[in-house]
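Residue strings, one per chain:
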Amino acid sequence: SADTSVDSVSPDYSGGQIIDPTGIPISTGNWGHAELAVAWGGTSFLAVWGDQRAGVSVPVIYGKRVDATGTAAGEIAISTNTGAQTEPAIAFDGTNYLVTWAQNVTTNGNIYARRVSQSGTVLGTSEFLVSSSGATSPPDLAFDGTNFLVVWTQAGSGSDIYAARVSPAGVVLDSGGIAVASIPFDQFDPA
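Calculation criteria
Residues numbered from 1 in each chain as written. Predicted model: local features only at pLDDT ≥ 70, side-chain atom pairs only at ≥ 80, totals over all residues. Heavy atoms only, no water. Helix = DSSP H or I, 4+ residues; strand = E, 2+ residues; numbered from the N terminus. Buried < 20%, exposed > 50% of the residue type's maximum accessible area, 1.4 Å probe, protein only. Lys, Arg positive; Asp, Glu negative; His and termini not counted. Salt bridge = Lys/Arg side-chain N within 4 Å of Asp/Glu carboxyl O. Polar contact = N/O pair within 3.5 Å; in protein donor to acceptor, adjacent residues only side chain to side chain. Contact = heavy atoms within 4.5 Å. Phe/Tyr/Trp six-rings, centres within 6.5 Å; stacked < 30°, edge-to-face > 60°. Core = buried A, V, L, I, M, F, W, Y, C linked by side-chain atoms within 4.5 Å. Pairing = 2+ DSSP bridges. Patch = residues over 30% accessible without salt bridge, like charges linked within 9 Å, V, L, I, M, F, W, Y side chains within 5 Å. Areas by Shrake-Rupley, 256 points an atom, 1.4 Å probe, with all protein chains shown as cover.

Draft legend 1. Inspection of the side chain of Arg-115 at higher detail. Of note, Arg-115 is situated in strand E9 (residues 109-117). In this structure, Arg-115 is buried with no salt-bridge partner, the nearest side chain bearing the opposite charge being Asp-93 at 6.2 Å. Polar side-chain contacts of Arg-115 include one of 3.5 Å to the backbone oxygen of Ala-169. Contact partners of Arg-115, with chain neighbours within four places excluded, come to Asn-96, Tyr-97, Leu-98, Thr-121, Val-122, Leu-123, Phe-128, Pro-168, Ala-169 and Gly-170.

Draft legend 2. Examining the packing of aromatic side chains more closely. Applying the stated criterion across every chain yields a total of three aromatic pairs. Relative to Tyr-97, the ring of Phe-92 lies with its centre 5.0 Å away and its plane at 55°, an arrangement referred to as tilted. We classify Phe-92 as buried; its relative accessible area is 18%. A relative accessible area of 0% places Tyr-97 in the buried class.

Draft legend 3. Molecular detail of the pattern of salt bridges. A full pass over the atoms with the stated rule returns one salt bridge. A salt bridge links Arg-165 to Asp-174, with the shortest nitrogen-to-oxygen separation between them at 2.9 Å. Note on Asp-174: relative accessible area 12%, which makes it buried.

Draft legend 4. Quick peek at the nonpolar core. Formed by 16 residues in total, the largest nonpolar core has its most connected members in Leu-98, Ile-111, Val-130, Leu-141, Val-150, Trp-152 and Val-166. The set of elements that each furnish at least two residues to this core consists of strand E7 (85-92), strand E8 (96-103), E9, strand E10 (128-135), strand E12 (148-155) and strand E13 (159-166). Setting aside residues no more than four positions away along its own chain, Leu-141 makes contact with Ala-89, Ile-90, Ala-91, Leu-98, Thr-100, Phe-148, Leu-149 and Val-150. Ranked by size, the runner-up nonpolar core spans 14 residues in total, among them Ala-39, Ile-76, Ile-90 and Val-116.

Draft legend 5. The environment of Val-180, seen in detail. Considering the arrangement of structural elements, one finds Val-180 in strand E14 (residues 178-181). A residue is classified by how much of its surface remains accessible, and Val-180, at 53% relative accessible area, is exposed. Sequence separation between Val-180 and Ala-164 is 16 residues, and the spatial gap between their C-alpha atoms is 9.8 Å. With residues up to four places along the chain from it excluded, the contact list for Val-180 reads Ile-161, Tyr-162 and Ala-163.

Draft legend 6. Fine view of the pairing of E8. Taking burial as the measure, the eight residues of E8 include eight buried ones, the bulk of the element. By the alternation rule, side chains of E8 split into Asn-96, Leu-98, Thr-100 and Ala-102 and Tyr-97, Val-99, Trp-101 and Gln-103, which are all buried. Sheet analysis places E7 next to E8, joined by six bridges and oriented antiparallel. Looking at E8, one finds that Thr-86 is bridged to Ala-102. What sits between the antiparallel neighbours E7 and E8 is a turn of three residues, in which Gly-94 has the positive phi angle 100°.

Draft legend 7. Highlighting the environment of Trp-101. Of note, Trp-101 is situated in strand E8. When the C-alpha positions of Trp-101 and Tyr-112 are compared, they lie 5.6 Å apart, and in sequence the two are 11 residues distant. For Trp-101, the side chain forms a polar contact with the side chain of Gln-85, separated by 3.3 Å.

Draft legend 8. Examining a nonpolar patch on the surface more closely. A contiguous nonpolar surface patch, about 280 Å² in accessible area, is contributed by Val-38, Trp-40 and Phe-45. By the secondary structure assignment, Val-38 is in strand E3 (residues 32-40).

Draft legend 9. Fine view of unusual backbone geometry. Of note in this structure, Glu-87 is not a glycine but carries a positive phi near 45°. Structurally, Glu-87 is set in strand E7. Given the relative accessible area of 33%, Glu-87 is considered partly exposed.

In short, the description is geometric, and any link to function would need to be established separately.
What follows is the structure, encoded as structure tokens:
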């Protein structure tokens, strides 16, 4: 769609009232937006998406913080590298967010990541490689209190599920990946 927006829903489980019925504009430029993911970071949400803005031939990864009152801050360029960057996922470790995405996934691509602080500062000098082993699906991730676990589908004798742990400092602890499901037949779309 041309615009990306989010809605807030109250935690009232008996009714679940929508707090922002018209949505909160996240990115409203006249370009493609897709694959929105969001995480709560203790003081604000961080929404991330694939963004194909003017002058960019393939999607890149952008983000925007939204505080608890629904006020959105400025856009954050998380990765603007060449190569189609799609379907970001996000998790929070209590201090920083980790954003992951697939690059060139339709042609056995790579999984990349970037850390972002609670204040919206992109950390490190560039994104870092989580896996270059032929990802065929976008990643998903979660934080266990010590490390992140990033999961994806990887080409092999079929489609298999792989994972890698990433420390809060952005260090990939399993450089070759961990085979989670590499049995006969295909396994795909892990979460």
